[in-house]
Amino acid sequence: MTREFEFEFEGRYRLAALAFGITPATAKVVVTDTELLVRFGLWRLRTPLANVGGTQITGDYAWYRTAGPAHLSLTDRGVTFATNSRRGLCVSFVEPVRAIEPTGALRHPGATMTVADPEGLAEALRR
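None of the values given here were measured: they were computed from a predicted structure.

Draft legend 1. Fine view of the overall build of the protein. Summing up its helical and strand segments, the protein has three helices and nine strands in all. Across the protein, helices and strands are ordered from the amino to the carboxyl terminus as β-α-β-β-β-β-α-β-β-β-β-α. The C-alpha atoms of the protein give 13 Å as radius of gyration, which agrees with the globular expectation for 127 residues (14 Å, within 12%). Dimensions of the protein along its principal axes, counting C-alpha atoms only, are 35 × 30 × 25 Å. Counting every position in the protein, which comprises 127 residues, the buried fraction comes to 47%. Here the protein displays about 6,600 Å² of accessible surface, and carbon together with sulfur accounts for 55% of that area. Seen as two clouds, the 15 positive and the 13 negative side-chain charges of the protein have centres 4 Å apart.

Draft legend 2. Structural context of the sheet that holds strand β9 (residues 108-113). The strand order β5-β8-β9-β7-β6 describes an open sheet built from five strands, whose pairing is mixed. Looking at which strands have only one partner, the edges of the open sheet turn out to be β5 (52-59) and β6 (71-72).

Draft legend 3. Structural detail: the pairing of strand β4 (residues 43-48). Burial along β4 is one-sided: Trp 43, Leu 45 and Thr 47 are buried, while Arg 44, Arg 46 and Pro 48, pointing the other way, are not. Looking at chain direction, strand β3 (residues 35-40) and β4 are connected through six bridges and run antiparallel. Note on β4: the bridge partner recorded for Leu 37 is Arg 46. Hairpin connection from β3 to β4: two residues lie between these consecutive antiparallel strands, with Gly 41 at a positive phi of about 65°.

Draft legend 4. Focus on helix α3 (residues 118-126). Residues of α3 that are buried include every one of Pro 118, Gly 120, Leu 121, Ala 122, Ala 124 and Leu 125, and no others. Those residues of α3 that are buried are in contact with β1 (3-6), β2 (27-31), β3, β5 and β8 (87-97).

Draft legend 5. Highlighting the nonpolar core. Grouped together as the largest cluster of nonpolar side chains are 31 residues, with contacts concentrated most on Phe 7, Val 29, Leu 36, Leu 45, Phe 81, Met 113 and Leu 125. Elements that contribute at least two residues to this core include exactly β2, β3, β4, β7 (79-81), β8, β9 and α3. Not counting the four nearest positions on each side in its chain, Phe 7 is found in contact with Ala 27, Lys 28, Val 29, Val 38, Arg 39, Phe 40, Phe 81, Thr 83, Met 113, Thr 114, Val 115 and Ala 116.

Draft legend 6. Local environment of the sheet that holds β1. Spatially, the four strands line up as an open sheet ordered β1-β2-β3-β4, and their pairing is antiparallel. Of all the strands in the sheet, the pair left with one neighbour each is β1 and β4. Across this sheet, the average inter-strand angle for adjacent strands is 10°, counted without regard to direction. Across five bridges, the pairing between β2 and β3 is antiparallel. Across the sheet, residue Lys 28 finds its bridge partner in β3, namely Arg 39. Sheet strands touched by α3: β1, β2 and β3. Its angle to β1, the strand with the most contacts, is close to 150°.

Definitions and cut-offs
- Residues numbered from 1 in each chain as written.
- Predicted model: local features only at pLDDT ≥ 70, side-chain atom pairs only at ≥ 80, totals over all residues.
- Heavy atoms only, no water.
- Helix = DSSP H or I, 4+ residues; strand = E, 2+ residues; numbered from the N terminus.
- Rg over C-alpha atoms; globule rule 2.2 N^0.38 Å.
- Buried < 20%, exposed > 50% of the residue type's maximum accessible area, 1.4 Å probe, protein only.
- Areas by Shrake-Rupley, 256 points an atom, 1.4 Å probe, with all protein chains shown as cover.
- Lys, Arg positive; Asp, Glu negative; His and termini not counted.
- Charge placed at Lys NZ, Arg CZ, Asp CG, Glu CD.
- Pairing = 2+ DSSP bridges.
- Contact = heavy atoms within 4.5 Å.
- Core = buried A, V, L, I, M, F, W, Y, C linked by side-chain atoms within 4.5 Å.
- Axes fitted to C-alpha atoms, helices over the stretch in contact; angles between N-to-C directions.

In structure tokens form, the structure reads like this:
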């Protein structure tokens, strides 16, 4: 079974995202029976569901830190795919994953995605 989750775009995020090719048509999260796949404009994240260590709904993100392209957290090396400042789902990984740069030299222990249904995404990842 495959489930798709759309990103929730907040008005002020749309223009910043568009500059990087991020639109509702180019941003989504897909959970299959075996994998988590994230598409965010040019950026991609792909990992087996067995690599998902946990989830937590988070929110109140600073616009200037999250709008536009995929963002790297300098404190924990996590990656953020944000299209709104209100809330999203933070997913931790057992083994860090590739996402923000193409060589794989930089790996992320977690990823935050501001999908419209973070509870549904969390449930899909628990199965």
